[in-house]
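An overview of the molecular structure
Given next are the chains, with one letter for each unit.
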Amino acid sequence: MSRLILSCLLAVFAGCEGAGAELEGTAGGIQWGSSDWVYVGARYVIISQIEVECRDIDWIERNYDEGVSPTDNDASLLQLAFSSSEEVQAGRFPVAQGGQVEGTIVNVTGDVFNETAATAGTLDVDSVEEEGVATGTFEALTFDDGGTLSGSFTAEWCVNLKP
């Protein structure tokens, strides 16, 4: 009986380890998987496939200039952005360009910048704590390059994500 209780306690504490995401699929030229670099702030949920600290993502915007890299650093991230008048909030939202939530893959390698837009899918934000943690899932995010992504996330608050 005590082993069962210990196992349950370990499972509870394992869920409190911090930010993380599990993604399945390929989109934007990236094979996605697990990530420990997941942030929430203002209107954004950011899931990075490569290591990045909160202080290094102050360049995030809802829209980018075509052909102009938004950062000098390499970046491979999924950006979920609520419309300009909203912050990340709990609920179920369709994902589409020009919609309440837009999904974009931002891929910067050296001097090459590619942006891939989601044309369909669903974002479910289970919970959002002010200046805290956000949790949720997304399903069937379909991108204009034919790729798809689904997954779950626990995002930590990042002060550098600005409206």
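Before going into details, it helps to say that this report is about the structure given with it. Since the model is a prediction, treat every value here as computed from it, not as a measurement. In every chain, residue numbers begin from 1 and rise along the written sequence. Owing to the predicted nature of the model, reporting of local features is limited to residues with pLDDT of at least 70; listing and counting of side-chain atom pairs is limited to 80 or more, with chain, interface and lining totals taken over all residues. Only hydrogens and water are set aside when side-chain values are computed; all heavy atoms of the structure are taken into account.

Next up on the list: the pairing of strand 9 (residues 112–128). Looking along a regular strand, one sees the side chains alternate between the two faces of the sheet. Being paired, for any two strands, means DSSP has found at least two bridges between them. Runs of E in the DSSP output that reach at least two residues are strands. Runs of H or I that reach at least four are helices, and both are numbered from the N terminus. Taken together, the 4 bridges between strand 7 (residues 91–94) and strand 9 define a ladder with antiparallel strand orientation. Each bridged residue has a counterpart across the sheet, and for F93 the counterpart in strand 9 is L123. Judged from the 6 bridges that link them, strand 8 (residues 101–109) and strand 9 form a sheet pairing that is antiparallel. Within strand 9, the position partnered with T109 by the bridge is V112. The loop that links strand 8 with its antiparallel partner strand 9 comprises 2 residues; one of these, G110, has a positive phi angle of about 60°. Bridge analysis of strand 9 against strand 10 (residues 133–143) gives 8 bridges, and the strand direction is antiparallel. Its bridge partner being in strand 10, D124 is matched across the sheet by T137. In this antiparallel pair of consecutive strands, strand 9 and strand 10, the connection spans 4 residues, and E131 shows a positive phi of 50°.

Bringing the pairing of strand 8 into the picture now. When a residue's accessible area, from a 1.4 Å probe over protein chains only, is under 20% of the maximum for its type it is buried; when over 50% it is exposed; and in between it is partly exposed. The buried count for strand 8 comes to 8 of 9 residues, which makes it a mostly enclosed element. The pairing of strand 6 (residues 75–82) with strand 8 spans 8 bridges and is antiparallel. Bridge pairing links L78 to I105 in strand 8.

With that settled, the discussion passes to the packing of aromatic side chains. A pair of Phe, Tyr and Trp rings is counted when the ring centres sit within 6.5 Å of each other, with Trp represented by its six-membered ring. The angle between the planes then sorts it: under 30 degrees is stacked, over 60 is edge-to-face, the rest tilted. Summed over all chains, the structure comprises 3 aromatic pairs. Ring geometry for Y64 versus F113: centroids 6.1 Å apart, planes at 75°, classification edge-to-face. Of the two residues, Y64 sits in the loop between strand 5 (44–48) and strand 6 while F113 sits in strand 9, which places them 49 residues apart along the sequence. In this structure F113 comes out as buried when scored by relative accessible area, which is 13%.

For the rest of this paragraph, the subject is the nonpolar core. We call a set of buried residues a nonpolar core when its members are Ala, Val, Leu, Ile, Met, Phe, Trp, Tyr or Cys and they connect through side-chain atoms within 4.5 Å of each other. In this structure, L78, L123, F138, L149 and F153 are the most contacted members of the largest nonpolar core, which totals 28 residues. Elements with a minimum of two residues in this core: strand 1 (20–27), strand 4 (37–41), strand 5, strand 6, strand 8, strand 9, strand 10 and strand 11 (148–157). Per-element tally for this core: the top contributor is strand 10, with 4 residues. Should any heavy atoms of two residues lie within 4.5 Å, those residues are considered in contact. Dropping the residues within four chain positions of it, F138 is found in contact with L23, I47, L78, L80, T122, L123, L149, S150, G151, S152 and F153.

What follows is about the layout of surface pockets. In this structure, the largest pocket encloses a volume near 230 Å³. In this structure, the largest pocket is lined by 13 residues; those nearest its centre are A42, E87, E130, E131 and W157. Amino acid classes used here: Ala, Val, Leu, Ile, Met, Phe, Trp, Tyr, Cys and Pro are nonpolar; Asp, Glu, Lys and Arg are charged; the rest, including Gly, are polar. Across the lining of the largest pocket, the residue classes break down as 8 nonpolar, 1 polar and 4 charged. A pocket here means an open set of points on a 1 Å grid, computed over the protein atoms alone, that has protein on both sides within 12 Å along at least five of seven lines. A cavity is instead a set of points where a 1.4 Å probe fits but cannot get out; residues with an atom within 4 Å of a point line either one. Grid points are joined across faces, edges and corners, and a volume is the space filled by probe spheres set on the points.

As a further point, take a negative patch on the surface. Patches were defined on residues exceeding 30% relative accessible area and lacking a salt bridge, with like-charge contacts within 9 Å and nonpolar side-chain contacts (Val, Leu, Ile, Met, Phe, Trp, Tyr) within 5 Å. Per-residue accessibility takes into account occlusion by the displayed protein chains alone, with areas from the Shrake-Rupley method and a 1.4 Å probe. Salt bridges are defined as contacts in which a side-chain nitrogen from Lys or Arg sits within 4 Å of a carboxyl oxygen from Asp or Glu. In this tally, Lys and Arg are treated as positive and Asp and Glu as negative; His is ignored, and so are the chain termini. Think of each charge as sitting on NZ of Lys, CZ of Arg, CG of Asp or CD of Glu. There is a patch of like negative charges on the surface, built from E51, E53, D56, D58 and E156. Topologically, D58 is positioned in the loop between strand 5 and strand 6.

Two side chains that carry opposite charge are able to pair once their charged atoms sit near each other. Per the stated rule, a full pass over the model turns up 2 salt bridges. The salt bridge involving E102 is made with R62; its shortest N-O contact spans 3.2 Å. A residue pair is termed long-range when its members are at least 10 positions apart, and E102 in strand 8 and R62 in the loop between strand 5 and strand 6 qualify at 40 residues. Summarising the burial analysis for this pair, E102 and R62 share the class buried. Between D124 and R92 there is a salt bridge, with its nearest N and O atoms 2.8 Å apart. Residue D124 is found in strand 9, and its partner R92 is found in strand 7; the two are separated by 32 residues along the sequence. Residue D124 is classed as buried on the basis of its relative accessible area of 13%.

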